[in-house]
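Survey of secondary and tertiary structure
The lines below spell out each chain.
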Amino acid sequence: MYRSHNCGELRASHSNTEVTLSGWVQGIRDKGFMIYLDLRDRYGITQLYFDEERTSKDLMEKASKLGREYVIQVKGTVVERASKNPNIPTGDIELLVSELTILNTSLVPPFTIEDKTDGGDDVRMKYRYIDIRRNPVKNSLILRHKVAQAVRNYLSNEDFIEVETPYLIKSTPEGARDFVVPSRMNEGQFYALPQSPQTFKQLLMVGGMDKYFQIVKCFRDEDLRADRQPEFTQIDCEMAFVEQEDILNTFEGLTRHLLKEINGVEVEKFPRILYDDAMRLYGNDKPDIRFGMEFGELNDVTQHKDFGVFNSAELVVGIAVPGGNKFTRKEIDNLIKWVKRPQVGALGMIYSRCNDDGSFKSSVDKFYDQEDLAKWAEITGAKAGDLVCVLSGDKNKVRAQLSALRMELATQLGLRKPNEFAPLWVMDFPLLEWDEDTERYHAMHHPFTSPKPGQLELLDTNPGEVKANAYDLVLNGNEIGGGSIRIHDKATQAIMLKHLGFSEEEARAQFGFLMDAFEYGAPPHGGIAFGLDRLVAILGGQETIRDFIAFPKNNSGRDVMIDAPASIDDEQLKELSLKLNLKQ
RNA sequence: GGUCUGGUAGUUCAGCUGGUUAGAAUGUCGCCCUGUCACGGCGAAGGUCGCGGGUUCGAGUCCCGUCCAGACCGCCA
């Protein structure tokens, strides 16, 4: 028996009992006559105590030679401390050690195992197994477990069945790049790893599985971000015999349950906003609504004067920055510099200060009088003490730019509070999106999304205007879930694929199995998928998902711990009938 | 594919307009310390300044290239 108790559970009530503990040496305070040692495991820290009066000379010697992160087992007596530590749960007691076994030694770790470690991301990733011993990472993984557990409980109680779907599937042309796996037994052919179990869950609906969910790995070979990994986990869900409203209600229920269970937060009915309105008011299809700062469109009150920049713009749009009038000239210049960065791409920024006495001072006073500026303030909702920031240009671009500025300002002003939760449904996404590169439309959500009733005809005349039965769940400015009502009849699916540029043969080759299934009694169905990594991170008050994944990849998709990806040897290539054709 | 920021001791960082022997904190090691818990005190060791080239009497510092890391844009149905 390695332990009778863990390192987080002993209390004063255990005094004078003999116990055995095992764990890692967190730190040693060697005072010469006595030695204090913090023993750590997943559950906490217990102080071990050795002193010259009661501890044998050999044992003192042995204890003083221990190093950080040694794995040890100790036997001893629980005693109440002479000086207690109110900061830790086990602070009332310590263990007077009588036996010490070194289970394993350790090199000096490259960074400290503390909540605020001195280690940078690089080292921490390389020694992830050490990093996991730290509270923030450990607790993030525990939080993830709790969320997954709560999801399984909630959905199981709602009669959902968790079904596994295959990882070795077929590559499809739509969507993200696939990770591809060569098949040894089928020379020259490849599996692809699923970007999501989309078609399989639809086939489960045809199979009568009615309510399905799965917590499942998905794979996309695209460039990474702080909130994007090449392999990530979805809570994938699908229901048959449902309309959009049924799905929204079911998964609003799930999300509300999680917020309550995990964060103790009660949320009102989730607001809903149309995609077009989200773009107009926030310039963004995943608006953070924890703070106001809604867009005010200013064309009508800016294009009547001689200011050419505004007059030639498709859209002039501004936001009110709360308390922004306190910004110095230099701070505003920095904002202007910020929006001109290539990543944002604005050509400039016009501003108007809203003074406390009700007057305005703008960077374009030459062109606009107080009356004009008062209208800007009114339309953007600016009050005395605020700052109105105005961008202009091409509608889509300027919205994206102002949205970036809005988020940056909110971050700077501390308006994005991690313990505040503002969920939001964004509805009625466009069905199709124009792709500049390939010069054709592609599905904004995916090719199986159904158009709004009665809009099928619009596909021929004005495809960009067709709206879909598609919805996203947004939490604090992050898309945490998205789904749609699917097409469930062969004819409509064929029309969709035709508009996406598939010939009949291509459609047959790629999606024949689905079209076939639709001919054998496919029920109306729809669903949603949540990004578990992102969801957990946000519930944990973070926007970087890496700490919520036990073994994440870095920015370039590398696992720096195991050093993957890596070359394989010629023998393996030969077996797979593969030949490399490397650049340069 | 692009933009920006960074790479100096085990670790986190400082190092100005180029100028003696590249510093601090922390960690490590040694000695001391009878109630510590971020223990304390004294001392010591620890550096190809990412790599390659260039400018210069002289480069951690300036220039060019390159590699690596992070954030973002493109991309991510």
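Structure report, in brief. (Residues numbered from 1 in each chain as written. Chains lettered and ligands numbered in written order. Predicted model: local features only at pLDDT ≥ 70, side-chain atom pairs only at ≥ 80, totals over all residues. Heavy atoms only, no water.)

Some remarks on the packing of aromatic side chains
The description of an aromatic ring pair uses the distance of the two centres, along with the angle that the planes make with each other. For the coordinates displayed, the defined rule picks out 16 aromatic pairs. On the basis of an interplanar angle of 80 degrees and a centroid distance of 4.8 Å, the ring pair of F307 and F310 is categorised as edge-to-face. For the pair F307 and F310, one class covers both residues: buried. Centroid distance F307 to Y368: 6.2 Å. Interplanar angle 85 degrees. Geometry classified as edge-to-face. Here Y368 lies in the loop between β15 (360–362) and α11 (370–380) and F307 lies in the loop between α8 (299–302) and α9 (308–311), a separation of 61 residues in the sequence. The same class applies to F307 as to Y368, namely buried. (Phe/Tyr/Trp six-rings, centres within 6.5 Å; stacked < 30°, edge-to-face > 60°. Buried < 20%, exposed > 50% of the residue type's maximum accessible area, 1.4 Å probe, protein only. Helix = DSSP H or I, 4+ residues; strand = E, 2+ residues; numbered from the N terminus.)

Remarks on helix α16 (residues 532–539)
Since the α-helix turns once every 3.6 residues, residues separated by three or four places project in the same direction. Across the eight residues that make up α16, a large majority, seven, are buried. Inspection of α16 places L532, D533, L535, V536, A537, I538 and L539 among the buried residues, and these make up the whole buried set.

Digging into the protein's contact with RNA strand B
Lining the immediate environment of RNA strand B, one finds 47 residues, of which F33, D118, Q343, A443 and H445 sit closest. Restricting the count to atoms of RNA strand B within 4 Å of the protein gives a sugar and phosphate share of 51%. A distance of 2.8 Å is found between a base nitrogen of RNA strand B and a side-chain nitrogen or oxygen belonging to S196. Within the backbone of A226, an N or O atom sits 3.2 Å from a phosphate oxygen of RNA strand B. (Near = heavy atom within 4 Å. Polar contact = N/O pair within 3.5 Å; in protein donor to acceptor, adjacent residues only side chain to side chain.)

Considerations on the sheet that holds strand β10 (residues 231–240)
Strand order in this open sheet of eight strands is β6-β9-β10-β22-β21-β20-β17-β11, and the pairing throughout is mixed. Lying at the two open borders of the sheet, with one neighbouring strand each, are β6 (161–162) and β11 (272–274). The sheet contact formed by strand β21 (residues 478–485) and strand β22 (residues 525–531) spans five bridges and is antiparallel. Bridging across to β22, S484 finds its partner in G527. Those strands touched by α16 are β9 (211–219), β10, β20 (470–475), β21 and β22, and its axis lies near 105 degrees from that of β10. (Pairing = 2+ DSSP bridges. Contact = heavy atoms within 4.5 Å. Axes fitted to C-alpha atoms, helices over the stretch in contact; angles between N-to-C directions.)

Comments concerning the pairing of strand β1 (residues 18–30)
Working note: regular strand, side chains alternate between the two faces of the sheet. Note that β1 and strand β4 (residues 71–80) share seven bridges and pair antiparallel. Within the sheet, the bridge partner assigned to T20 lies in β4 and is K75. With six bridges joining them, β1 and strand β2 (residues 34–41) adopt antiparallel strand pairing. Looking at β2, one finds that V25 is bridged to L39. Linking β1 to β2, which pair antiparallel, is a turn of three residues; within it G32 sits at a positive phi near 90 degrees.

Concerning the pattern of salt bridges
The full count for this structure, using the stated rule, is 41 salt bridges. Between E69 and R133 there is a salt bridge whose closest N-O contact spans 2.7 Å. Placement of the pair is E69 in the loop between α1 (57–64) and β4 and R133 in the loop between α3 (128–131) and α4 (135–157), with a sequence separation of 64 residues. E69 sits in the buried class, given a relative accessible area of 2%. Of the charged contacts in the structure, one is a salt bridge between R124 and D131, with a shortest N-O distance of 2.8 Å. Comparing R124 with D131, the two get one shared label, buried. By sharing partners, the salt bridges in this structure join D121, R124, R128, D131, R134 and D547 into a single network. (Salt bridge = Lys/Arg side-chain N within 4 Å of Asp/Glu carboxyl O.)

Details of the environment of F241
Inspection of the secondary structure puts F241 in the loop between β10 and α6 (244–263). With a relative accessible area of 64%, F241 lands in the exposed category. Along the primary structure F241 and C389 are separated by 148 residues, whereas in three dimensions their C-alpha atoms are 48 Å apart. Sequence-distant contacts of F241, that is, excluding residues within four places in its chain, are made with D210, P523 and P524.

Quick notes on the packing of α4 against α6
Their axes nearest at 10 Å, the elements α4 and α6 cross at an angle of 140 degrees. By the criterion of interaxial angle, the relationship of α4 to α6 is oblique. Viewed along their axes, α4 and α6 form a crossing whose handedness is right-handed. Side by side, α4 and α6 meet where L143, K146, V147, A150, V151, Y154 and L155 of the first sit next to T250, F251, G253, L254, H257, L258, E261 and I262 of the second. The residue inventory of the contact of α4 with α6, partitioned by class, reads ten nonpolar, three polar and two charged. (Parallel < 35°, antiparallel > 145°, perpendicular 65-115°, else oblique. Left-handed = near helix turned anticlockwise from the far one by under 90°. Nonpolar A, V, L, I, M, F, W, Y, C, P; charged D, E, K, R; others polar.)

Overview of the sheet that holds strand β12 (residues 296–297)
Within the open sheet, the five strands sit side by side as β12-β13-β16-β14-β15. Their pairing is antiparallel. Pairing within the sheet leaves two strands with one partner each, and these edge strands are β12 and β15. Taken together, the seven bridges between strand β13 (residues 315–321) and strand β16 (residues 387–393) define a ladder with antiparallel strand orientation. Bridge assignment links V321 to a residue of β16, and that residue is L387.

Note that every value here comes from positions in space, so none of it alone points to a role or purpose.
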